[in-house]
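So the chains spell out like this:
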Amino acid sequence: MLRIRFHGRGGQGMKTASRILGSAGFHAGWIVQDSPVYGAERRGAPMSAFTRLAREPIRERGVIASPDLVVIADETLLADLAAQPLLGCDTRSTVLMNTRKQSAELSPLGAVSREAIFAADFTALALETTQSLASLSVALGVAAARLLGLSLSEALAGVTDELSPHLSAERQAKNVALAQVAYARAEGWPIIQERQTTDSPTLVTLVEVAFDPPTVAAPSIYAISNSPERKTGNWRQFRPVLHAELCTRCWICFVRCPEAAIALDAHDYPVVDYDQCKGCLLCVHECPTHAFTAEQEVR
Amino acid sequence: MTSPTSPELESIQTLKQIAREEFILPGTSICGGCGGLEALRLAAKVLGPQTVFVNAAGCFTLLATFPYTPFKGSWLYTTMASAAAGAQGVRDALDVLMARGKLPAKDDVEVVVVAGDGSTYDIGLSATSGAIFRGLNFWYFCYDNESYGNTGMQMSSSTPYGARTATTPVGIHSQAGTEHGKKDMFEIWRAHRPAYVATVSPRFPIDLTNKFLKAKTLRGAKLFLAHAPCPTGWLYDPERTADYARLAVETGMFALKEAVDGVVTHTYVPRRHRPVEEYLQGQGRYRHLFEPTRNDAALRQIQDQVDRYWAGVHETTGAAR
Amino acid sequence: MTAQQLLTGNAAAAWGARLADADYIPAFPITPQTEIIELLAQWSAHGEVPARFVTLDSEHSMLTAAGAAAAAGARVFTATSSQGLLYGCEVLYTIAGWRVPLVLVNVSRALASPITLEADHNDILAARDTGFLQIHAETCQEIVDSILMGYRLAEDEQVMVPVLVNLDGFTLSFTREPVTLPSPAAVAEFLPAYHPRHAYIRGDKPMAQGTAVLGGAPYSYFRYQQQRAQDNALTIHQTIAEEFALRFGRRYDLVESFQLDDADYVLVMSNAFASKGKAMVQWWRTQGRKVGLLRLRVVRPFPGAAIAAALVGRKAVAVFDQNIAPGSGGILYPEIAAALYHEPRRPPLLSVIGGLGGKDISAGEFEAVFQHLERIASGTTVIGPLLLYTQQERDRVRTLLQIAGKELSA
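Residues numbered from 1 in each chain as written. Chains lettered and ligands numbered in written order. Predicted model: local features only at pLDDT ≥ 70, side-chain atom pairs only at ≥ 80, totals over all residues. Heavy atoms only, no water.

Visitor: How do you make sense of the interface of chain A and chain B when you look at a structure like this?
Guide: Reports of interface size often rely on the accessible area that becomes lost once the parts have come together. Of the residues lining the interface, 39 residues belong to chain A; the matching set on chain B comes to 43 residues. Between chain A and chain B, a total of about 3,700 Å² is buried, with carbon and sulfur atoms accounting for 57% of that surface. Looking only at chain A, the three residues that lose the most surface to chain B are A:Arg42, A:Arg43 and A:Trp251, adding up to 17% of its buried area. Inspection of the region where chain A meets chain B yields two salt bridges. Close ionic contact of B:Arg20 with A:Asp268 constitutes a salt bridge, the shortest N to O distance being 2.2 Å. One can count 17 residue pairs in polar contact (both at pLDDT 80 or more) joining chain A with chain B. Mapped onto the side of chain A that touches chain B, the elements with two or more residues apiece are helix H7 (252-256), strand S8 (262-264) and helix H8 (282-286) of chain A. (Contact = heavy atoms within 4.5 Å. Buried area = accessible area lost by both parts, 1.4 Å probe. Salt bridge = Lys/Arg side-chain N within 4 Å of Asp/Glu carboxyl O. Polar contact = N/O pair within 3.5 Å; in protein donor to acceptor, adjacent residues only side chain to side chain. Helix = DSSP H or I, 4+ residues; strand = E, 2+ residues; numbered from the N terminus.)

What follows is the structure in structure tokens.
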């Protein structure tokens, strides 16, 4: 069995990527299982999706604990405790990473050596070919298909299955073109082989859950307004940047920010809390003097 | 620091009178660009920290996700159908505990229901009706994104005619998507004779702030419908939330109004309404009205409905004719 | 000791709330519970109780208000029955999950459809997995006492979960019998005011309650804490029972043993009809038959060890279920069987379903049960459940069916 785990943020299309791979594998005659898992979070929050390809009926469910391939849509996920994309990777795992960095710039990721990390700027590929970030799903789904040894026609069949029927013919064509480019980009990379052996399960220690007093045992929170400990700044794809010389200190950005991620300094200049700003860009859009610009995150 | 929005103020005239202090902090799971959160955040600046939000199941249930809460005040999640009854229990408990000397009056809190339109218009309406009927002294804040948003945008009885949702797709039986008209919750509430009913928009923060300030002087049910543009569900880029909030008001699709003791006043009457299409166009949920072919009949129906509504409003006083 | 007075079961329940000095009583009418809230409404209106009494718009709202008031720090009493308990069932789980104490009285009434009025226990047993503790009362006296003990148990920091006290519609709710009401002063010593340290709503000490918990591991933790609280309740109940007996002279255990010491045969019963079972036991004793009765009183937490201890080594045991789980049979039977499973000297068990919709259980039906007990004691296998439904009743029902225009086969 081949186990592929996709990590992305809500809105990056990793559920679709997992389905493109699943459909491609299905067309290639594999027995397939794919499923997404998302918490309550929305756009920008970490999510993951799983695809399994096998020659025998698949008797696994839910999360993939030991992936053969991890696809990472966004490098910021590496440091995100809510994502932990490298969990369960071992020396036989491969990583496919969407990054602006060159492969040579990458350091080993946990147990995964540099030789098993394949990286490319799929965001740029997507933007060039389809002018849409939503196409990242196509690029990564197809690249993953190639890494697993599926043919271009099988990969394209997967893409065709999963593209929204609502897309215009032009957008469909652009996505197919992107699939071809992404497949080509991955063509130099070695093909991942199925593991020949099954690891024996590692025995875990089961512990007692003892009685705790009601001050502890109810799902209540006494640490009031502690949500900023949970940084949502890495949800951003673009960051608002203030050009103070254009700012008239009108308060509009401060009032509009749904997140309370913009404060005012002593002189009424806005201060963006980049730890928290989710990058909705309302402030950029609303600023009457265009004192904010949106800049793509480089991470 | 002023905290909260200077309580001695009866009303504000400029943005700069809005409190600097925040009472709902960042770091939550709510979508970026959420119009409902923007409205709630502004409301919280008037309500201040001595507040308990009593919540019904919906998107905002995720505001307090263990182990994190963004609130400086308190929070109680109840059920989808009975947040107003939860408010009843809390308000009654605080009153009786104070009356029996078990709670100092200084530790009293404002009791505020926070519910989406699915709860407000549908499953929780009976409980809210009961609470208003009983004259409960509480606040009700509905963030109205016109669908069951937390479950992925299905039709609620707040979904407007012509909007496409996951359960009212455009198909052979319906070219409009949602065929029903939105329930008039303002009038349903007003028929209960509450102390105060208002609509608010996050794009009109002074109007919003002043309505909360006014309600603060009143006892009884103080009910707010907040227009809550939803980038995730209405299918537009999050930076445009304030645009759609503004256009909803300027096209007349969302009327800013209030009713004190049942008497309705429109708090903002646009001098000339923009065509509704300016609001509809660009939202993915209405795209089928424009592409691949224009659905003139549906667009006309929406415009007619708006025109009929405003024909009943006095253009200078904002009073209902 | 104050003098006895005649009280209905409903009045006894209202007195329980009054003596417990509840702060808040949200209400909604339903037969046969309504008299409880009517009495409390009158007392509240006349200032005889300081509690705030509010009529809600449904049981779902009523239970939400009850739980929310408890979460705000008030001592809360409320009551319902049957359809009302089921209509508010979602909220029962919610309140238990908040870990706030309150006492809810349920007046058992059989469930629709067909809609009916008299008692059986499908309503209360539908709430068996909600996280509420459950005490099932046999007499009007026990109703008052169980409410007072219920608050002590619910508010104990080693427990801190809500309590359901059950009484049967009609056979207790509308039945007057002598009740001794303890003095308010004595009750106040036994049950001091509620001062929560874990859950309240106050301006100076904000907290978030009932938050969403995403992820199986923290969810498992919080859910299992309810199991641990119920585990503790088994022992805390006994401590409270001892203190109650010392103060008020009446002793209530998790289960009640009636003429069990030398009994060869045992009836397992609960609630008001247990009285009828006791009368039969006394009759059988005069006939030289060694029969006893085990009354289930605390049903949650389930006192499996006490039940097993009472039943091991008997010749045969009949478990009476005044309820039916279609497709399975009696609801309590498998729980009792499970409690005995690991006992090497477990007795043969007979599952009996009787008293559905308040149907009487006659002495003749008890005799029929005894006959079955003798048969299984001598090695005959009886595949249950055994429905208590007499030939006379069948004939009567056939007449009704014919009047309704049904064509009956001969």
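Now that the structure has been shown, the text picks up again.
Visitor: Please explain the sheet that holds strand S7 (residues 163-168) of chain C as it appears in this structure.
Guide: Either a parallel or an antiparallel arrangement is found when strands of a sheet pair, and the pairing is made through backbone hydrogen bonds. Residue and element names in this part refer to chain C. Reading across from one edge, S4-S5-S7-S6-S13 is the order of the five strands in this open sheet, with mixed pairing throughout. Of all the strands in the sheet, just strand S4 (77-80) and strand S13 (298-300) have a single pairing partner and so form its edges. The sheet shows a mean angle of 25° between the axes of neighbouring strands, direction not considered. As paired strands, strand S5 (residues 103-108) and S7 are joined by six bridges and run parallel to one another. Pairing of Val107 across the sheet is with Leu167, part of S7. Contacts from helix H3 (residues 59-71) reach S4 and S5, with the element oriented near 160° to S4. (Pairing = 2+ DSSP bridges. Axes fitted to C-alpha atoms, helices over the stretch in contact; angles between N-to-C directions.)

Visitor: Teacher, can you tell me more about the sheet that holds strand S7 (residues 256-260) of chain B here?
Guide: Strands sit in the order S8(B)-S7(B)-S5(B)-S6(B)-S4(B)-S3(B)-S1(B)-S2(B)-S9(C) across an open sheet of nine strands; the sheet is mixed. Looking along the sheet, the strands with just one partner apiece sit at the ends: strand S8 (263-268) of chain B together with strand S9 (208-209) of chain C. Pairing between strand S5 (residues 196-200) of chain B and strand S6 (residues 221-227) of chain B: five bridges, direction parallel. Following the sheet pairing, B:Thr199 is matched in S6(B) by B:Leu225. Against the sheet, helix H1 (residues 35-47) of chain B touches strand S1 (51-55), strand S3 (110-116), strand S4 (138-144) and S6 of chain B, its axis set at about 160° to S4(B). Along the sheet, helix H2 (residues 83-99) of chain B contacts S1, strand S2 (74-77), S3 and S4 of chain B; its crossing angle with S3(B), the most-contacted strand, is approximately 170°.

Visitor: Teacher, can you tell me more about the pattern of salt bridges here?
Guide: Any two side chains of opposite charge can pair, on the condition that their charged atoms come close. Residue and element names in this part refer to chain B. In the structure shown here, the tally under the stated rule is 68 salt bridges over all chains. Between Glu21 and Lys72 there is a salt bridge whose closest N-O contact spans 2.9 Å. One end of the pair, Glu21, is in the segment before H1; the other, Lys72, is in the loop between S1 and S2, and 51 residues separate them in sequence. Residue Lys72 is classed as partly exposed on the basis of its relative accessible area of 24%. Its salt-bridge partner being Lys214, residue Glu258 comes within 2.6 Å of it at the nearest N-O pair. Linking Glu258 in strand S7 with Lys214 in helix H6 (residues 205-216), this pair joins segments that are 44 residues apart in sequence. Each of Arg240, Asp243, Arg246, Glu250, Arg274 and Glu278 takes part in salt bridges that share partners, so that together they form one network. (Buried < 20%, exposed > 50% of the residue type's maximum accessible area, 1.4 Å probe, protein only.)

Visitor: Mind showing me how you'd approach the nonpolar core here?
Guide: A general trend in soluble globular proteins is that nonpolar side chains are found buried together. Ranked by size, the top nonpolar core spans 85 residues in total, and within it B:Val90, B:Phe138, B:Trp189, C:Val268, C:Leu294 and C:Leu311 carry the most contacts. Mapping this core onto the domain boundaries places at least three of its residues in each of domain 1 (4-248) and domain 2 (257-395) of chain C. Sequence-distant contacts of C:Leu311, defined by excluding residues within four places in its chain, comprise C:Val266, C:Val268, C:Leu294, C:Val317, C:Ile336, C:Leu340 and C:Pro347. By size, the runner-up hydrophobic cluster in this structure holds 58 residues, among which are A:Cys257, A:Leu264, B:Leu37 and B:Ala228. (Core = buried A, V, L, I, M, F, W, Y, C linked by side-chain atoms within 4.5 Å. Domains from an automatic or database assignment.)

Visitor: Quick question: what am I supposed to make of the interface of chain B and chain C here?
Guide: Listed as interface residues are 40 residues of chain B and, on the opposing side, 38 residues of chain C. Summing both sides of the interface, chain B and chain C together bury roughly 3,000 Å²; the carbon and sulfur share of this comes to 62%. For the pair chain B and chain C, the interface holds six salt bridges. Between B:Asp107 and C:Arg202 there is a salt bridge, with the nearest N and O atoms lying 2.8 Å from each other. Joining chain B to chain C, the criterion identifies 15 residue pairs in polar contact (both at pLDDT 80 or more). Taken together, the elements giving at least two residues each to the side of chain B that touches chain C come down to S2, H2 and helix H4 (125-133) of chain B. Among the elements that make up the side of chain B that touches chain C, the one with the highest residue count is H2(B) (eleven residues). Classifying every residue of the side of chain B that touches chain C by side-chain character gives 17 nonpolar, 14 polar and nine charged. As paired strands, S2(B) and S9(C) are joined by two bridges and run parallel to one another. (Nonpolar A, V, L, I, M, F, W, Y, C, P; charged D, E, K, R; others polar.)

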